[in-house]
Amino acid sequence: MKNFVDCSFITNFKDPSSLFLIDCRFDLFDESLGYESYKESHIPNAFYLDINQDLCGESKIHGGARPLPDKNILHKKLSSFGISENSTIVVYDEKLYSSPRAFVQLKYMGYKNVYILNGGFKSWKEINLPITSILPSLSPASSFELMSNKDMICDVSYVKKAIANDNIVLVDSRDNNRYTGEIEPLYKNPGHIPGAINIPWHKSINSNGFIKNLDIVDKNFINFKNKEIITYCGSCIEACINYALLDELSYNVKAYIGSMSDWISYYENDVESSF
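From a predicted model like this one, the values you see are computed outputs, not experimental measurements. (Residues numbered from 1 in each chain as written. Predicted model: local features only at pLDDT ≥ 70, side-chain atom pairs only at ≥ 80, totals over all residues. Heavy atoms only, no water.)

Turning next to the environment of Asn113. For Asn113, the position within the fold is in strand S5 (residues 113-117). Overall, the relative accessible area of 25% leaves Asn113 in the partly exposed class. Once residues lying within four places of it in the same chain are set aside, the contact partners of Asn113 are Asn86, Ser87, Thr88 and Ile89. (Helix = DSSP H or I, 4+ residues; strand = E, 2+ residues; numbered from the N terminus. Buried < 20%, exposed > 50% of the residue type's maximum accessible area, 1.4 Å probe, protein only. Contact = heavy atoms within 4.5 Å.)

This part takes up the packing of aromatic side chains. Within the structure shown, the criterion is met by 10 aromatic pairs. For the pair Tyr38 and Tyr48, a centre-to-centre distance of 5.2 Å together with 35° between the ring planes defines the contact as tilted. Residue Tyr38 is found in helix H2 (residues 33-40), and its partner Tyr48 is found in strand S3 (residues 47-48); the two are separated by 10 residues along the sequence. A relative accessible area of 10% means that Tyr48 is categorised as buried. Here the aromatic residues Phe9, Phe13 and Tyr115 are joined through ring pairs into a cluster of three or more. (Phe/Tyr/Trp six-rings, centres within 6.5 Å; stacked < 30°, edge-to-face > 60°.)

Checked against the element boundaries, Arg101 lands in helix H4 (residues 99-109). Look at Arg101: it is buried, it has no salt bridge, and the nearest opposite charge is Asp50 at 11 Å. A distance of 3.1 Å separates a polar side-chain atom of Arg101 from the backbone oxygen of Ser235. Among the polar contacts listed, one links the side chain of Arg101 to the backbone oxygen of Cys236, at a separation of 3.1 Å. Those residues in contact with Arg101, other than ones at most four positions away along the chain, are Ile51, Leu55, Cys56, Arg66, Pro67, Leu68, Ser235, Cys236, Ile237, Cys240 and Ile257. (Lys, Arg positive; Asp, Glu negative; His and termini not counted. Salt bridge = Lys/Arg side-chain N within 4 Å of Asp/Glu carboxyl O. Polar contact = N/O pair within 3.5 Å; in protein donor to acceptor, adjacent residues only side chain to side chain.)

Turning our eyes to something else, we now look at the pairing of S5. Along S5, four of the five residues are buried, which leaves the element largely enclosed by surrounding structure. The sheet contact formed by strand S1 (residues 4-5) and S5 spans two bridges and is parallel. In the sheet register, Val5 faces S5, and the bridge partner there is Leu117. The sheet contact formed by strand S4 (residues 88-92) and S5 spans four bridges and is parallel. Paired with Val90 across the two strands is Tyr115, which belongs to S5. The parallel pair S4 and S5 is bridged by H4, and the resulting crossover is right-handed. (Pairing = 2+ DSSP bridges. Right-handed = clockwise from strand over helix to strand, strands pointing away.)

So, about the packing of helix H3 (residues 71-80) against H4. How two helices sit against one another is set out by the angle between their axes and by the gap between those axes. Viewed as axis vectors pointing N to C, H3 and H4 meet at an angle of 100°, and their least axial separation amounts to 11 Å. Classified by the angle their axes make, H3 and H4 are roughly perpendicular. Across the interface between the two elements, Lys71, Leu74, His75 and Leu78 from H3 touch Gln105, Leu106 and Met109 from H4. The residue makeup of the contact of H3 with H4, split by class, is four nonpolar, two polar and one charged. (Axes fitted to C-alpha atoms, helices over the stretch in contact; angles between N-to-C directions. Parallel < 35°, antiparallel > 145°, perpendicular 65-115°, else oblique. Nonpolar A, V, L, I, M, F, W, Y, C, P; charged D, E, K, R; others polar.)

The strand order across the open sheet formed by five strands is S1-S5-S4-S2-S3, and the pairing between neighbours is parallel. In this open sheet, the two strands that pair with only one neighbour each are S1 and S3. The strands that H4 touches are strand S2 (19-23), S4 and S5; relative to S5, the one it contacts most, it runs at about 175°.

When the UniProt feature table is mapped onto this chain, "domain: Rhodanese" (unreviewed entry) is found at residues 15-133 and 164-272. Within residues 15-133, the helical portion is 30% and the strand portion 14%, while the C-alpha atoms at the span's ends are 23 Å from each other. The span residues 164-272 shows a helical share of 27% and a strand share of 16%, and its end C-alpha atoms are spaced 15 Å apart. (UniProt positions renumbered as here; feature names shortened; annotations may be inferred.)

This is the structure:
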């Protein structure tokens, strides 16, 4: 697979000095849990990036609950880990949930060799590979330029135009009861963007955090093989799971970073509910 690797990729990597692991464990309802878990135990030499503090920017009136961060600040932090433009980066979380957001962010910034650990930290522990609580040392930050992959993402104006375009489909990646508007634990307007269809992220990921057979994943999206797909969720965490899977299968896909939390920040934007 081009976007996902297993534990053997890490253990058998030929040049460990050019391999960098990033722990980005995250809990949607407990923002401190990820870092606390990392301090307790992580894969040896893994650095930590916080979804909210490092991989997302400050929430404002528009832009969504988890907008893009200042790429220069994040770039400097990654450089302090020793990461260069030619480094290989593997991101992971507890199973497979928040790490695709890190994947999308780093690929968007122009880092080429970025992968997601299939099964996450749980898979590492289950085969009794070493863990540690020791924090890795930082390196002198190096300076280099990256070219952003701007076609990976889109904003609210693009989504508004997409709604009227038969060649573009919006995929809401949340649980169905949030898509329908039956339940909404985080935002004021329940429901979904008009015209969006619902393909929850967990239709493609099993309960242990592993990707299901890619043929199964492909069948979830096959009706839209010849269309452009825009993935979104509440704040572009779950949307990035579907993004990484669709990119794996070479679909034409973008992630709406602002997602539903951005969409509802504009009073003129309609929201559909269906329960």
